[in-house]
Amino acid sequence: MKKSNKYTPIDIWNDPYRFTYKEIMEVIGESEAKALYSSLYKHSPKKKYRTMSLKTVYKDCDTEKYVFELSDGKCIETVFIKRRDGGTACVSTQVGCSVGCIFCESGRNGFVRNLTPSEIVQQVVLLRRKVNRIVFMGMGEPLFNYNNFIKAIHILRDRNGMNFPTDGITVSTVGPAEQLKKLREEHLKIQLTISLHAATQAARNRIIPNMHIHDINDVVNGALSYAERHNRKVVFAYLLLQGINDKPSDVRQLVKWFGGKNVMLNLLEYNPTSNTQIKKPAKHEMAAFKQQLERAGLEVTMRISHGRKIKAACGQLANKYNKIIE
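Every chain begins its residue count from 1, and numbering advances along the sequence as written. At least 70 in pLDDT is required for a residue's local features to be given in this predicted model, at least 80 for side-chain atom pairs to be given and counted, and no such filter applies to totals for whole chains, interfaces and linings, which use all residues. Where side-chain values are given, they derive from all heavy atoms of the structure, hydrogens and water being excluded.

K.L.:
Which parts of the structure should I look at to understand helix α8 (residues 216-230)?
P.N.:
At 3.6 residues per turn, the α-helix brings residues three or four places apart onto the same side. Comment: elements are numbered from the N terminus, with helices defined as DSSP H or I runs of at least four residues and strands as E runs of at least two. One less than the number of residues in a helix, times 1.5 Å, gives the span that helix is expected to have. Between its first and last C-alpha, α8 extends 21 Å over 15 residues, near the 21 Å set by a 1.5 Å rise per residue. Along α8, the residues classified as buried are I216, V219, V220, A223, L224, Y226, A227 and H230. Viewed along the axis of α8, the buried residues span an arc of 150°, placing them on a single side of the element. We call two residues in contact when some of their heavy atoms are within 4.5 Å. Check the buried side of α8 and you find it contacts α6 (177-185), β9 (191-195), α7 (201-207), β10 (234-239), α9 (248-258) and β11 (263-268). Two N or O atoms form a polar contact when they lie within 3.5 Å of each other; inside protein one atom must be a possible hydrogen donor and the other a possible acceptor, and for residues adjacent in sequence the pair counts only when both atoms belong to side chains. Between the side-chain oxygen at the start of α8 and the backbone nitrogen of N217 there is a gap of 2.7 Å, and the oxygen is on D215. Phi for N231, located one or two positions after α8, is positive at around 50°. Only protein chains enter the accessibility calculation, which uses a 1.4 Å probe; a residue whose area is less than 20% of its type maximum is buried, one above 50% is exposed, and one in between is partly exposed. Arc definition: it is the arc formed by the directions from the helix axis to the C-beta atoms.

Quick look at the structure:
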């Protein structure tokens, strides 16, 4: 007896952005699947297929912040950064966040729920812009929504639809050890950025309190293993915070970990949030920290922040729209 399909035609037509082309074809047939996928990804998105809507847009020079309202009334934020040949979509994976980084607004009200693969994919589609880079760096921790995050990538890169190149996809994660191991075994050579932000366990526990159960050495080793397995340079993001992670001993530990490795260290400048206890170093102090690392042979860059005026920069995506709903 032929095994019945997991999904029904009603499932497909109610939320088609949730499925790969193969899944749709197995349910409604090849000709209808081709027509539907073309409608979803080759033309302007039709309202009847959407499960979320645009609530508002904030614009500032080369950066735009989109607030999307989901079918249950919850809201998420997505950022588009214009480039010469297109743009970068900074995509959310959760409503709220459970990680609790002290420099980030996204988890200020805690974790609400995971986004579905459809809600992740639609953020890119509904921008209606030429997107040539996708970064999972918005609200939420992508690897805590692992299955939906991975499926969304498969949908985005489906050759029958958007056919988005894997090399153009980056995931930024705090590096939960078990999920990092799973990601290493995926047949997806996506770019990996680890939000490290510390060189000691004590400092990381202070900066990212809800990651205290994950040993910082396991996080580093897991990321280096990913780099080796996929032959990819891994980026370690390091938000420099005055008096917390900017000591000479921090430089020595970073050099010990990353000297001679296929790694780039990305120094970040703190973007103002509601946490008034954080102090960012002066420009010359950041430059001095960078120079110490470079003199030791590390590849270091300093990220240019986009969208501060519209609170679209790193750490500034907020959960404020959900306060009045919860």
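Let us keep going from here.
K.L.:
Honestly, the packing of helix α2 (residues 21-28) against helix α3 (residues 30-41) in this entry has me stumped. Any pointers?
P.N.:
Each pair of packed helices can be described by the angle between their axes along with the distance between the axes. Fitting a line to C-alpha atoms yields each axis, with helices limited to the stretch in contact; the angle taken between N-to-C directions then spans 0 to 180 degrees. Two elements in contact, α2 and α3, have axes whose closest approach is 7 Å; the angle formed by their N-to-C orientations is 135°. In terms of orientation, α2 lies oblique with respect to α3. Between α2 and α3 the crossing geometry is right-handed. For the pair α2 and α3, the contacting residues are Y21, I24, M25 and I28 in the first and E30, E32, A33, K34, L36 and Y37 in the second. Should an angle fall under 35 degrees it is taken as roughly parallel, and over 145 as roughly antiparallel, whereas 65 to 115 is taken as roughly perpendicular and any remaining angle as oblique. Here is the rule for handedness: rotate from the far helix to the near one, and if that takes an anticlockwise turn smaller than a right angle the crossing is left-handed, while a clockwise turn gives right-handed.

K.L.:
Looking at this structure, I do not really get the nonpolar core. What am I missing?
P.N.:
One recurring pattern in soluble globular proteins: nonpolar side chains tend to sit buried together. Residues enter a nonpolar core if they are buried and are Ala, Val, Leu, Ile, Met, Phe, Trp, Tyr or Cys, with the set joined through side-chain atoms within 4.5 Å. Grouped together as the largest cluster of nonpolar side chains are 95 residues, with contacts concentrated most on F136, L183, F236, L254 and F258. Excluding residues within four positions of it along the chain, L183 makes contact with L143, Y146, F149, I150, V171, I190, L192, Y226 and H230.

K.L.:
What exactly am I supposed to notice about the packing of α6 against α8 here?
P.N.:
Look at α6 against α8: their axes get within 9 Å of each other, and the N-to-C directions meet at 0°. It follows that α6 is roughly parallel to α8 by the angle criterion. On α8, the residues that touch L180, L183, R184 and E185 of α6 are V219, G222, A223, S225, Y226, R229 and H230. Tallied by class, the residues present in the contact of α6 with α8 amount to 5 nonpolar, 3 polar and 3 charged. When residue character is reported, Ala, Val, Leu, Ile, Met, Phe, Trp, Tyr, Cys and Pro are called nonpolar, Asp, Glu, Lys and Arg charged, and the others, Gly included, polar.

K.L.:
Honestly, unusual backbone geometry in this entry has me stumped. Any pointers?
P.N.:
Negative phi is the rule for most residues except glycine; trans is the rule for most peptide bonds. A positive phi angle, near 55°, is found at C61, a position not held by glycine. On the accessibility criterion, C61 (67% relative accessible area) is exposed. Residues other than glycine seldom take positive phi values, yet N163 does so here, at roughly 55°. One can find N163 in the loop between α5 (146-156) and β8 (169-173).

K.L.:
Teacher, can you tell me more about the pattern of salt bridges here?
P.N.:
Close approach of charged atoms allows side chains with opposite charge to pair. For this document, the term salt bridge refers to a Lys or Arg side-chain nitrogen within 4 Å of an Asp or Glu carboxyl oxygen. Overall, the coordinates contain 16 salt bridges when judged by the stated rule. With its nearest N and O atoms 3.1 Å apart, the salt bridge here joins K280 to E269. Taken as a pair, K280 in the loop between β11 and α10 (283-295) and E269 in the loop between β11 and α10 lie far apart in primary sequence, 11 residues in all. Accessibility expressed as a relative area gives 36% for K280, which makes it partly exposed. With a closest N to O distance of 2.6 Å, E294 and K290 form a salt bridge. Of this pair, E294 and K290 both sit in helix α10, 4 residues apart, roughly one helical turn. Residue classification places E294 among the partly exposed residues on the basis of a relative accessible area of 33%. Here the salt bridges do not stand alone but share partners, grouping E64, K82 and R129 into one network.

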